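Remarks on the overall topology
The residues making up each chain are set out below.
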Amino acid sequence: MLLWLVPMVLLFSTHISAQNAISFSAHQDLRLLTIGDNRGNNAGTLDILTRLKYSGKERENGYYFYYLEYENASIKNNYNRLGVGFGYALTHTLNNKKIEFSPTIGIGNIHRKNINSLSLSGSVSLALILNKRLKLSSMLQFVDRSDLKIKVLRFSFFVGLEIRLFSLKS
């Protein structure tokens, strides 16, 4: 329980007065959707990663953000991961105001085969800002697959959309 308490306190207390937006994103693993993998998952397998993100006020080069995420994959024995994390979005990437580059780190819980296991994760994403409310994004995610017999670091490539739900007054 303490494992979840610390990130939640940080999520809701750190810089809460400086946050200016709440957004929601949904991403699909591109490989599982298009070609499947060599582990018995065919093309069209769903692996959806959703995030609820609290963004901080933009600074000169970007902004901090915190997120809650949930991933569900329709692979053998189903895969569910719930996590929290934080990152920094670098705006004006490549001298272009419409591109953001965001590295993140997180911690979460994998639930599979009726077993829960602690898992670390991280990602880097590249987003194209379409307008004030919508971003098209790609994300390279790595997860410590603590649910497997042989613990490995797995990589996935996701594509998706981020929608700004509303802005908060500073």
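Everything below is about the structure shown above.
Report on the accompanying structure.

The rules behind the values
Residues numbered from 1 in each chain as written. Predicted model: local features only at pLDDT ≥ 70, side-chain atom pairs only at ≥ 80, totals over all residues. Heavy atoms only, no water. Helix = DSSP H or I, 4+ residues; strand = E, 2+ residues; numbered from the N terminus. Buried < 20%, exposed > 50% of the residue type's maximum accessible area, 1.4 Å probe, protein only. Contact = heavy atoms within 4.5 Å. Areas by Shrake-Rupley, 256 points an atom, 1.4 Å probe, with all protein chains shown as cover. Pairing = 2+ DSSP bridges.

Focus: the overall build of the protein chain
- If you tally the helices and strands in the protein chain, you get two helices and eight strands.
- Per-residue burial over the protein chain gives 42% buried out of 170 residues.
- Taking contacts inside the protein chain between residues at least 6 apart in sequence as the whole, the part at least 24 apart equals 53%.
- Working note: accessible area of the protein chain is about 9900 Å², and carbon and sulfur atoms make up 64% of it.

Let's talk about the pairing of strand 5 (residues 99-112)
- As paired elements, strand 4 (residues 79-90) and strand 5 share nine bridges and run antiparallel to each other. For Gly85, the partnering residue across the bridge sits in strand 5 and is Gly106.
- When strand 5 meets strand 6 (residues 115-129), the two strands line up antiparallel, connected through 14 bridges. Bridge pairing links Asn109 to Leu118 in strand 6.

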